[in-house]
Amino acid sequence: ELVRDPVTKENKKTGKNIGVSRLWVAEQSKNILFLSIALNYLIFHGTWASLQDGSCLKYILSAKSVPDLLGLIIRKKMEADKIASENKLPVNLLKDILYYIYCSREGLTLEELKELTDCDDYHFWSWFGVKYDNFLSIDKGLVNFTHIYVREAVEKCLWEEKSGASTSKGGTKSHEVTSTP
């Protein structure tokens, strides 16, 4: 028999239902990629408290498609990375990198990204490569998105924000990392 809620035993012990079964029956979960990404997010980011109060599942289920879910995850990841770096990352550096990759057709070389962002800090780029490897691939020297859904997510979550800001090479902002995140 399939257990719909993997923590049923704990639910019975505590008398609280954390409702993970809502994920199994959600319309979005008919797409196996959505379900897989959602479960991975729960595994790595869900806490017992966020499962009990339902906030983690509510956050996940607020996405109606795979690109929406990836957009939520990318946005959350950028916020967390900004906090973890103790605000030493330039304000728009992560957004700019994703924006530049989005605007490229086949991807960009690391050298092109360094030039476009005015950031040549080796430690930052190593850190970035590790932290965002689920969303980016390097093929034939070009950094690009791993999937069309990632491209759509970046378009949805960053394009509107980016369209009002001017951080291009000719702009006034420079991306100088003050220390390794």
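Residues numbered from 1 in each chain as written. Predicted model: local features only at pLDDT ≥ 70, side-chain atom pairs only at ≥ 80, totals over all residues. Heavy atoms only, no water.

Caption draft 1: Examining the pairing of strand β2 (residues 142-145) more closely. Both strand β1 (residues 136-139) and β2 contribute to a ladder of four bridges, which runs antiparallel. Looking at β2, one finds that aspartate 139 is bridged to leucine 142. (Pairing = 2+ DSSP bridges. Helix = DSSP H or I, 4+ residues; strand = E, 2+ residues; numbered from the N terminus.)

Caption draft 2: Highlighting the packing of aromatic side chains. Considering all chains together, one arrives at nine aromatic pairs under this definition. Taken together, a centroid distance of 5.8 Å and an interplanar angle of 55° make the contact between tyrosine 99 and tyrosine 100 tilted. With 5.8 Å between their ring centres and 80° between their planes, tryptophan 125 and phenylalanine 128 make a pair best called edge-to-face. Note that tryptophan 125 and phenylalanine 128 are positioned in helix α9 (residues 122-131) at a spacing of three residues, about one turn of the helix. Each of the two residues, tryptophan 125 as well as phenylalanine 128, counts as buried. Here the aromatic cluster, defined as three or more aromatic residues joined through ring pairs, consists of Phe124, Trp125, Trp127, Phe128, Tyr132 and Phe135. The cationic tip of lysine 76 hangs over the ring face of tyrosine 59; the distance from NZ or CZ to the ring centre is 4.7 Å. (Phe/Tyr/Trp six-rings, centres within 6.5 Å; stacked < 30°, edge-to-face > 60°. Buried < 20%, exposed > 50% of the residue type's maximum accessible area, 1.4 Å probe, protein only. Lys NZ or Arg CZ within 6 Å of the ring centre and 35° of its normal.)

Caption draft 3: Expanded view of the layout of surface pockets. If you add up the space inside the largest pocket, you get close to 560 Å³. When residues of the lining of the largest pocket are traced back to their parent elements, those giving at least two are α3 (32-45), α6 (66-84) and α9. Sort the elements by how many residues they give to the lining of the largest pocket and α3 lands first, with seven residues. Of the residues contributing to the lining of the largest pocket, the split by class is 10 nonpolar, six polar and five charged. Quantified by volume, the second largest pocket comes out at close to 190 Å³. Taken together, Leu110, Leu113, Trp125, Phe128, Gly129, Tyr132, Asp133, Leu136, Ser137, Ile138, Gly141 and Val143 form the lining of the second largest pocket. Where the lining of the second largest pocket is concerned, the elements lending two or more residues are α8 (110-117), α9 and β1. The residue inventory of the lining of the second largest pocket, partitioned by class, reads eight nonpolar, three polar and one charged. (1 Å grid on protein atoms, 1.4 Å probe; cavity = no way out; pocket = protein on both sides within 12 Å on 5 of 7 lines; lining within 4 Å. Points joined across faces, edges and corners; volume = space filled by probe spheres on them. Nonpolar A, V, L, I, M, F, W, Y, C, P; charged D, E, K, R; others polar.)

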